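# Survey of secondary and tertiary structure
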Amino acid sequence: MKKFIPLVIASNALLMPSNAWATAYCQGYITNTLTESDGDVLIRSSWRDDWAAICNLDQTRQGISPSTCFGWFSSVSSSITENKQVVIRYSGLDQSACANMPTYSNAPVPAYVMLVK
């Protein structure tokens, strides 16, 4: 039985979609940021020349709390004022998704936002 369980886990892993483990690291400059009246924080980036919501300052958005959102808002704002790059990680997306991911409130939620020195 002990040998059977790892075999089942391994075979199930082969049946899962390939993007289940994919991770996109979108790196570049934030060219603009805005906060909408409903609390959504949107960015316009060098890798995706369109608006994408990353979180909400008033309510939890796709598991991201307002306190985490405030930290992310601070990082993207700093990246603009200090002309520094960011890396935004998106779990479950292929690297190619950075350039063509959905926009505005349809955008996926990041796993993290990192300010680069």
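Here, every reference points to the structure presented above.
Below, the structure is looked at part by part. (Residues numbered from 1 in each chain as written. Predicted model: local features only at pLDDT ≥ 70, side-chain atom pairs only at ≥ 80, totals over all residues. Heavy atoms only, no water.)

### Concerning the sheet that holds strand 1 (residues 23–28)
Rules: Two strands make a pair as long as DSSP finds a minimum of two bridges between them. Counting from the N terminus, the helices are DSSP H or I runs at least four residues long and the strands are E runs at least two residues long. Angles run from 0 to 180 degrees between N-to-C directions of axes, and those axes are lines fitted to C-alpha atoms, restricted for helices to the stretch in contact.
Reading across the sheet, the 3 strands line up as 1-5-6 and stay open at both edges, with antiparallel pairing between neighbours. The sheet terminates laterally at strand 1 and strand 6 (112–115), the two strands that pair on one side only. Sheet twist, expressed as the mean angle between neighbouring strand axes with direction ignored, is 15°.

### Some thoughts on the state of the cysteines
Counted only if it meets this: The disulfide criterion is simple: two cysteine sulfur atoms within 2.5 Å. Using a 1.4 Å probe on the protein chains alone, a residue whose accessible area is under 20% of its type maximum counts as buried, one over 50% counts as exposed, and one in between counts as partly exposed.
All told, the structure shown has 2 disulfides when counted by the stated rule. Across a sulfur-sulfur distance of 2.1 Å, cysteine 26 and cysteine 98 are joined as a disulfide pair. Taking the torsion about the sulfur-sulfur bond, which here is approximately -90°, the covalent link between cysteine 26 and cysteine 98 counts as left-handed. In this pair, cysteine 26 sits in strand 1 while cysteine 98 sits in the loop between strand 5 (86–91) and strand 6, placing the two residues 72 residues apart along the sequence. Here cysteine 26 matches cysteine 98 in class, with each residue buried. Bridging cysteine 55 to cysteine 69, the disulfide has an S-S length of 2.1 Å. Between cysteine 55 and cysteine 69 the disulfide shows an S-S torsion of about 70°. By sign, it is right-handed. Taken as a pair, cysteine 55 in strand 4 (residues 51–56) and cysteine 69 in helix 2 (residues 66–81) lie far apart in primary sequence, 14 residues in all. The same class applies to cysteine 55 and to cysteine 69, which are both buried. Take the cysteines of the protein that form disulfides and number them in order along the sequence; they join up as 1-4, 2-3.

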